[in-house]
Amino acid sequence: MLVSATEMLKKAREGKYAVGQFNINNLEWTKAILQTAEEMKSPVIIGTAEVLLPYGGLRELAPLLTDMAKRASVPVVLHFDHGLTEEKVNLAMDLGFSSIMYDCSTLDFDGNLKAVAEMVKKAHSKGITAVPDCMAAELIDAICGEFLAGKKAAGQLSDIELDEVVNVLLTVFISDND
């Protein structure tokens, strides 16, 4: 069954379990991942990205993936990972992906933040989870600046502090709120 990442990750957080995300570039991998998830009765995130689709286009692959996800007996998120252009990310949403990542890492910080915020709003209006490419230290600082209080490298954070940062990021980026 095709579900939103927001729904899936809220349940995982409440149940204190992880959900695997696997990037695919062909249908054989997708079948194997879904078969294993069903055997294990485990939710799963199936991802693909522009760079993983050099030979098969999104328009050709998406209907097959969404059909497979809908027919699965376990919750499945279909994630468009590292969408590099607004056009491709919009197409992924139009074609049934339930989660997207808009990667604006080539823009300056302000441009990145603005473009990602606009895409998050658009995705949320369609019931789609939006995940920015938020590993940039500047973006984490902008969101968690006071909490980090000068601790710039993840290696300088305790496990508890790192968990708090992850919780803040999840709250910001998978929330249904704008």
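One can find the structure itself at the top, above this paragraph.
Notes on the structure in this doc start here. None of these values were measured; they are calculated from a predicted model.

### As for the sheet that holds strand S1 (residues 20-23)
With parallel pairing, 5 strands are arranged side by side in an open sheet as S1-S2-S3-S4-S5. In the strand order of this sheet, the two ends are held by S1 and strand S5 (129-130), each with one partner. Judged from the 6 bridges that link them, strand S2 (residues 44-49) and strand S3 (residues 76-83) form a sheet pairing that is parallel. Across the sheet, the residue bridging to glycine 47 is histidine 79, located in S3. This element, helix H2 (residues 27-40), spans S1, S2 and S3 of the sheet and lies at about 165° to S2. Lying on the sheet, helix H5 (residues 109-125) is in contact with strand S4 (99-102) and S5; it crosses S4 at an angle near 170°.

### Concerning the pairing of S1
Looking at chain direction, S1 and S2 are connected through 4 bridges and run parallel. What sits directly across from phenylalanine 22, in S2, is isoleucine 46. Handedness of the crossover joining S1 and S2 through H2 is recorded here as right-handed.

### Things to note about the pattern of salt bridges
Within the structure shown, the criterion is met by 4 salt bridges. Of the charged contacts in the structure, one is a salt bridge between arginine 71 and aspartate 67, with a shortest N-O distance of 2.9 Å. With arginine 71 and aspartate 67 both in helix H3 (residues 58-71), this residue pair falls 4 residues apart, about one helical turn. What makes arginine 71 exposed here is its relative accessible area of 59%. The salt bridge involving lysine 122 is made with glutamate 86; its shortest N-O contact spans 3.6 Å. Here glutamate 86 lies in helix H4 (residues 86-94) and lysine 122 lies in helix H5, a separation of 36 residues in the sequence. Relative accessible area serves as the criterion here: at 29%, lysine 122 is assigned to the partly exposed category. Under the relative-accessibility criterion, glutamate 86 is labelled partly exposed at 42%.

### Looking at the nonpolar core
Val76, Phe97 and Ile100 are the most contacted members of the largest nonpolar core, which totals 33 residues. Broken down by secondary-structure element, the contributors of at least two residues to this core are H2, S2, H3, S3, H4, S4 and H5. For this core, the element with the most residues is H3, which contributes 6 residues. Apart from residues no more than four positions distant in its own chain, isoleucine 100 is found in contact with His79, Phe80, Val89, Ala92, Met93, Met119, Ala123, Ile128, Thr129, Ala130 and Val131.

Reading guide: rules and limits
- Residues numbered from 1 in each chain as written.
- Predicted model: local features only at pLDDT ≥ 70, side-chain atom pairs only at ≥ 80, totals over all residues.
- Heavy atoms only, no water.
- Pairing = 2+ DSSP bridges.
- Helix = DSSP H or I, 4+ residues; strand = E, 2+ residues; numbered from the N terminus.
- Contact = heavy atoms within 4.5 Å.
- Axes fitted to C-alpha atoms, helices over the stretch in contact; angles between N-to-C directions.
- Right-handed = clockwise from strand over helix to strand, strands pointing away.
- Salt bridge = Lys/Arg side-chain N within 4 Å of Asp/Glu carboxyl O.
- Buried < 20%, exposed > 50% of the residue type's maximum accessible area, 1.4 Å probe, protein only.
- Core = buried A, V, L, I, M, F, W, Y, C linked by side-chain atoms within 4.5 Å.

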